[in-house]
Amino acid sequence: MKKYLNAEKLRSLGIYIILILVIIVVGTLNSAFLSKNNILNIGSQISMNGILSVGMTIVIISGGFDLSVGSNTAMCGAVALIVSNSTGSVLLGLLGALVVGLLFGTCNGLIVKKIGINALITTLATNIAMKGIALIYTHSDSIMSTNDLFKAIGKMKILDIPFNLLLFVICVIVGQIFMSKTKPGRYIYALGGNERAARLSGIKTDLYGIIAFTISGFCCALVGIMMTTKLGSVSATYASGYEMDAIAATVIGGTSINGGEGSVGRTVAGILLLGVLSNAFDLMGIGIEYQYVFKGVVILLAVSADKISDFTKSKKVSFQK
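Everything numeric here is computed off the predicted structure, so don't read it as measured data. Residue indices follow the written sequence of each chain, beginning from 1 at its first position. For a predicted model such as this one, the threshold for reporting local features is a pLDDT of at least 70, and the threshold for listing and counting side-chain atom pairs is 80 or more; totals across whole chains, interfaces and linings nevertheless cover every residue. To obtain the side-chain values, all non-hydrogen atoms of the structure were included, while hydrogens and water were left out.

Caption draft 1: Layout of the nonpolar core. By nonpolar core we mean a set of buried residues, namely Ala, Val, Leu, Ile, Met, Phe, Trp, Tyr and Cys, connected to one another through side-chain atoms within 4.5 Å. Burial classes follow relative accessibility: with a 1.4 Å probe on protein chains only, a residue under 20% of its type's maximum area counts as buried, one over 50% as exposed, and anything between as partly exposed. Ranked by size, the top nonpolar core spans 60 residues in total, and within it Ile51, Phe168, Met179, Ile188, Ile252 and Leu273 carry the most contacts. A helix here means a DSSP run of H or I that spans at least four residues, while a strand means a run of E at least two residues long, and both kinds are numbered starting from the N terminus. Contributing elements (two or more residues each) for this core: helix H1 (2-29), helix H2 (36-61), helix H3 (69-87), helix H7 (163-181), helix H10 (205-231), helix H11 (242-252) and helix H12 (264-283). No other element matches H2, which puts 12 residues into this core. Pairs of residues are marked as contacts when any of their non-hydrogen atoms sit within 4.5 Å. Residues contacting phenylalanine 168, with those up to four places away along its chain left out, are Ile46, Ser47, Gly50, Ile51, Val268 and Ile271. Counting residues in each nonpolar core, the second largest holds 13 residues, with Ala78, Leu81, Val90 and Ile153 among its members.

Caption draft 2: Layout of the pattern of salt bridges. Salt bridges are counted wherever a side-chain nitrogen of Lys or Arg sits within 4 Å of a carboxyl oxygen of Asp or Glu. Applying the stated criterion across every chain, the model contains 5 salt bridges. Between lysine 36 and aspartate 160 there is a salt bridge whose closest N-O contact spans 3.6 Å. With lysine 36 in helix H2 and aspartate 160 in the loop between strand E2 (157-158) and strand E3 (161-162), this residue pair connects regions lying 124 residues apart in the sequence. For lysine 114, the salt bridge is made with aspartate 206, and the minimal N-O distance between the two is 3.6 Å. Placement of lysine 114 in helix H4 (residues 90-115) and of aspartate 206 in helix H10 is noted, with a sequence separation of 92 residues between them. A residue is classified by how much of its surface remains accessible, and lysine 114, at 55% relative accessible area, is exposed. Overlapping salt bridges bring together Lys113, Glu195 and Arg199 as one network.

Caption draft 3: Summary view of the side chain of serine 84. Structurally, the position occupied by serine 84 is in helix H3. On the accessibility criterion, serine 84 (1% relative accessible area) is buried. Two N or O atoms count as a polar contact when they lie within 3.5 Å, although within protein this holds only if one can serve as hydrogen donor and the other as acceptor, and sequence-adjacent residues are included solely when both atoms are side-chain atoms. A polar side-chain atom of serine 84 sits 3.0 Å from the main-chain carbonyl oxygen of alanine 80. Setting aside its immediate chain neighbours within four residues, serine 84 contacts Val79, Ser89, Val90, Gly93, Asn147 and Phe150.

Written as structure tokens, this is what we have:
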């Protein structure tokens, strides 16, 4: 039994050990890697994917999946920019984006939990539909912001730290506390671990499943806002592929694709690992095409590790019997 416990502990700590080793190796090979500017650059680069990954982690822990975050992010960004352009009010633009993100996430949750359509199929369909809506809304063109205050938000710094990085840190802290210290967070874990058992114990499983998707939608709104304010423009295809990066960071961080297991903290380690490796590849002049191949292989290895862990647990249960 001690062997199984050690295996589980090693799996939990493994992502942190790998991250530390990668940082040491890359920092030794390239002194520029550990410079203050490069560290802040890595933090700024991972912040967008990081916020989406917080929402993705909560959805996957609940037993769901969200392939629609890319289109939702683009649509929220489009609403924020276009509303602020047309009304002259940045506040209205930001509120509009938040409303769209929350509504879209809630709709995903309602379809999955109330109608009973598989989360993968649901979010794949809504991803395609929202991309079409975003293309219609932006007239299939890139739109520039005409509001200087809107563009200034994305360039804000506090104590020389980019605002989007600070927002990511806040989302991580709130997400970790929500999942580990609150009743809804514990119910989401129970939902993902065994939905039938959770329902029989009196947990409103549909409600907490919807809440998980709504949180993901809120994260999409935040990223859509930060993306468009930073770039000063928006296109319906700007966030294409963001869902894959969020899933990659979440799975690499050790969140089980079967639900019920994982943490926001471990997802952060997955995000940092991808960010550090991407930055290291850039410093070494390795092309983006090879980075895509590497990322795909890492995801497969992470999922394989998850399957091996499930097998180990089943053997442990058999042993105890």
